[in-house]
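Working through the structure, step by step
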Amino acid sequence: MVFLPAEPPDLHVIHQRIKGNMEVLQDFVVKREEGRTRQEYLALLRRDMAAYYSYSDFLLMKLMDIFPLPELINFLEANEVPRPVTVRTNTLKTRRRDLAQALINRGVNLDPLGKWSKTGLVIYDSSVPIGATPEYLAGHYMLQGASSLLPVMALAPQENERILDMCCAPGGKTSYIAQLMKNTGMILANDSNAERLHSVVGNLHRLGVTNAVVSNCDGRQFPKVLGGFDRVLLDAPCSGTGVISKDPAVKTNKDEKDILRCAHLQKELILSAIDSVNAASETGGYIVYCTCSIMVEENEWVVDYALKKRNVRLVATGLDFGKEGFTRFKDRRFHPSLKSTRRFYPHTHNMDGFFIAKFKKFSNAIPQAQKDEEPAVEAASLSTVPNTVMEPQLKKKKLEGSKADREQKQPQPALKKRHSLQVQRRPLKAGRPSTKMMCPQGPTRKKHRVKLNGQ
Amino acid sequence: MRPLTEAETRAVFEKLGRYIGENIQLLVDRPDGTYCFRLHRDRVYYLSEKLLKVAASIPRDSLVSLGTCFGKFTKTQKFRLSVTALDFLAPYAKYKVWVKPGSEQSFLYGNHVLKSGLGRITENTAQYQGVVVYSMADVPLGFGVAAKSTQECRKVDPMAIVVFHQADVGEYVRNEDTLT
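Residues numbered from 1 in each chain as written. Chains lettered and ligands numbered in written order. Predicted model: local features only at pLDDT ≥ 70, side-chain atom pairs only at ≥ 80, totals over all residues. Heavy atoms only, no water.

**Let's talk about the side chain of Arg 220 of chain A**
Put simply, the rule reads: For helices the rule is a DSSP run of H or I covering at least 4 residues; for strands it is a run of E covering at least 2, with both sets numbered from the N terminus onward. Each residue is placed in one exposure class: buried if its accessible area under a 1.4 Å probe, protein chains only, is under 20% of its type's maximum, exposed if it is over 50%, and partly exposed if it falls in between.
Tracing the sequence through the fold places Arg 220 of chain A in the loop between strand 7 (212–215) and helix 11 (222–225). Classification of Arg 220 of chain A by relative accessible area gives buried; the value is 18%.

**So, the sheet that holds strand 2 (residues 33–40) of chain B**
Residue and element names in this part refer to chain B. To be explicit about the condition: Being paired, for any two strands, means DSSP has found at least two bridges between them. In what follows, a contact means two residues having at least one pair of non-hydrogen atoms within 4.5 Å. Throughout, an axis means a line fitted to C-alpha atoms (over the contacting stretch in the case of helices), and angles, computed between N-to-C directions, take values from 0 to 180 degrees.
Taken in spatial order, the 5 strands line up as 1-2-3-5-6 in an open sheet, and their pairing is antiparallel. Of all the strands in the sheet, the pair left with one neighbour each is strand 1 (29–30) and strand 6 (79–81). With 4 bridges joining them, strand 3 (residues 43–48) and strand 5 (residues 68–73) adopt antiparallel strand pairing. In the sheet register, Arg 43 faces strand 5, and the bridge partner there is Lys 72. Where helix 1 (residues 6–20) meets the sheet, it contacts strand 2, strand 3, strand 5 and strand 6, and its direction lies at approximately 35° from that of strand 6.

**Section: the sheet that holds strand 4 (residues 141–143) of chain A**
Residue and element names in this part refer to chain A. Spatially, 4 strands are ordered 2-3-1-4 in an open sheet, and the strand pairing comes out antiparallel. The sheet terminates laterally at strand 2 (108–112) and strand 4, the two strands that pair on one side only. Ignoring strand direction, the axes of neighbouring strands in this sheet form an average angle of 35°. As judged from the 3 bridges shared by strand 1 (residues 85–89) and strand 4, these two strands associate in the antiparallel manner.

**Describing the packing of aromatic side chains**
We apply this condition: Two aromatic rings from Phe, Tyr or Trp, using only the six-membered ring of Trp, form a pair when their centres are within 6.5 Å; if the ring planes differ by under 30 degrees the pair is stacked, by over 60 it is edge-to-face, and anything between is tilted.
Throughout the structure, instances matching the rule amount to 19 aromatic pairs over all chains. Geometrically, the ring pair formed by Tyr 52 of chain A and Tyr 53 of chain A is edge-to-face, given 4.9 Å between the ring centres and 90° between the ring planes. By relative accessible area, which is 4% here, Tyr 53 of chain A ends up buried. Taking 5.6 Å as the distance between ring centres and 65° as the angle between the ring planes, the aromatic pair formed by Phe 13 of chain B and Phe 37 of chain B counts as edge-to-face. Of this pair, Phe 13 of chain B sits in helix 1 while Phe 37 of chain B sits in strand 2; the two residues are 24 residues apart in sequence, bridging distant segments of the chain. Overall, the relative accessible area of 27% leaves Phe 13 of chain B in the partly exposed class.

**Describing the state of the cysteines**
The cut-off we apply is this: Criterion for a disulfide: a pair of cysteine sulfur atoms within 2.5 Å.
A complete count under the given rule lists 0 disulfides over all chains for this structure. A disulfide-free cysteine, Cys 290 of chain A has its sulfur positioned 8.5 Å from the sulfur of Cys 292 of chain A, the nearest such atom.

**Points about the UniProt feature "active site" (unreviewed entry) in chain A**
Residues and elements named next belong to chain A. Inclusion rule: UniProt positions are given in the numbering used here, feature names are shortened, and annotations may be inferred rather than shown by experiment.
Here the UniProt-annotated "active site" (unreviewed entry) positions come out as Cys 292. Tracing the sequence through the fold places Cys 292 in the loop between strand 9 (286–291) and helix 14 (300–309). Assessed through its relative accessible area of 1%, Cys 292 is described here as buried.

**Side note on a positive patch on the surface**
The following threshold applies: Residues form patches when they are more than 30% accessible in relative terms and have no salt bridge. Like charges link within 9 Å. Nonpolar side chains (Val, Leu, Ile, Met, Phe, Trp, Tyr) link within 5 Å. We get accessible surface area from the Shrake-Rupley algorithm with a probe of 1.4 Å; when it comes to residues, only the shown protein chains can shield them. Counted as salt bridges are all cases of a side-chain nitrogen of Lys or Arg within 4 Å of a carboxyl oxygen of Asp or Glu. The charge count treats Lys and Arg as positive and Asp and Glu as negative. His and the chain ends do not count. The location of each charge is read from NZ of Lys, CZ of Arg, CG of Asp or CD of Glu.
A cluster of like positive charges, contributed by Lys 72, Lys 75, Lys 78 and Arg 80 of chain B, occupies part of the molecular surface. Relative to the helices and strands, Arg 80 of chain B resides in strand 6.

**Here we look at the confidence of the model for chain A**
Note the cut-off: Per residue, pLDDT captures the predictor's confidence, and it can take any value from 0 to 100.
In this model, chain A carries an average pLDDT of 80, and 79% of its residues clear a pLDDT of 70 or more. Contacts from residues 372–455 of chain A, a stretch scored under 50 in pLDDT, to residues over four places away or in other chains number 113 contacts.

Right, here's the structure in full:
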């Protein structure tokens, strides 16, 4: 074990040391240096990896929890290389074969995406800008990551259904839904960011989608604005830890609070999404939840929360690849049906990190919470609180607020901190169900996607 | 969002009529349900009645777009077709112009079509007739106004303008922000 020198670290040396320490950790009993604990090795390894791949210590710790060590290295390496550029054929206007031929004639080198997609094409290299060919402008295809085809395939929209896309910008998934429905039925494309709706409107018109209404509401108001949908796609705003190759800033600018803030918003959104679905729908009654994050807090945890709060159950996503979601993670135990959710990783599937869960809603009734502290949460989010109830709630908020402050001031070891935060979360939510927790972080990754689509 | 007034309807139909003539009838009476025009924030949208019901339940402030945008009314109450209407103009267009592959790009950058780039033109197109512009592969690229009649087109020199540019699909990239 060598301590880091004060001068700028030599990356080559660090890389060697990472490799060495990895080997030791694989076969710890035999290869370890006498008198060194595994903790010491791990701490050094983490520090080295943080320096070599320039991640924040916090994020790296999270990643170490998710991946076993050899896989972690693969993941970190995969984040250094960009994912292949993929496009989706707009079958409303053309066929994949015709499109491929037209693009090949323009000097584009491409291939079908994979057996699982009938519309995707991978672009290897191109002599023309792929986001500005006449075919693109005429709406024959959409620039879209492979992983963002999956949630729509999981949603499996049917013709003549009513569909809600809660966080739609920049409209790639929305237009894919329209294309699967052959422009029948109706789609409500919603996003809370008005700026990013420009690209949605542009894309929908370019791709010839005529069955969509675009709105700019807060997703959490949803059953109130309009409900009774057959299917809902919730592509929730997230920390973007699955798309680090697109947005390397995520490596360093996320901390515990950002993740939990995202998770909080996601929980609110998922309840709105579920409430907007009509369980009695003949063809539908499905909700698909997806994020481009790989954090358990933003995925399994949120899904597990939804399972507890509403009359929904998880069903198979209909995707025959991807890794199963976690049913247990560290000290947390989730519902066993979380096995049917799917995780996608850059290093195993060569697409952005992604998480997909598909729910079936079996009853429109909203179960009443069992615990004493719960009703406040429920009532507040449903806005049916009579004034009398408000009083004690406010008091509670004050109390919890001070508690929260206290807890944030004390530096604590990460594990413990998470625990305490978790405990404190619920009342916090009851106290202020709105703006404060909102999404300064939310749109990070989508901004990125806009860049991709932005030609 | 509201239905168009008499005057507005006349302005819209007059403009549409320049490109698709009496085919306008086909836009209004469709076999697959009732379709209508609606005005929202000075823009004219074309959508089915079914979709209209949904759009009606969205608060006006947060409604961004519904169905297909055909164009907008200027501050002086003139109606201007936008490129987003192309999907409905192209199938019904009466007069068409095809541009050669070489000058496709020039047109998509917002330039007029020159005689040198003219691939084909519908017979007996009159001067100042609204035309839809296609690539040689029959992909609609935009629309404009014939600067010369078909007869004159045969005689003019190669650098003369034959179609004035009005809208092209390049606008989806060039001014995405002002489309809606």
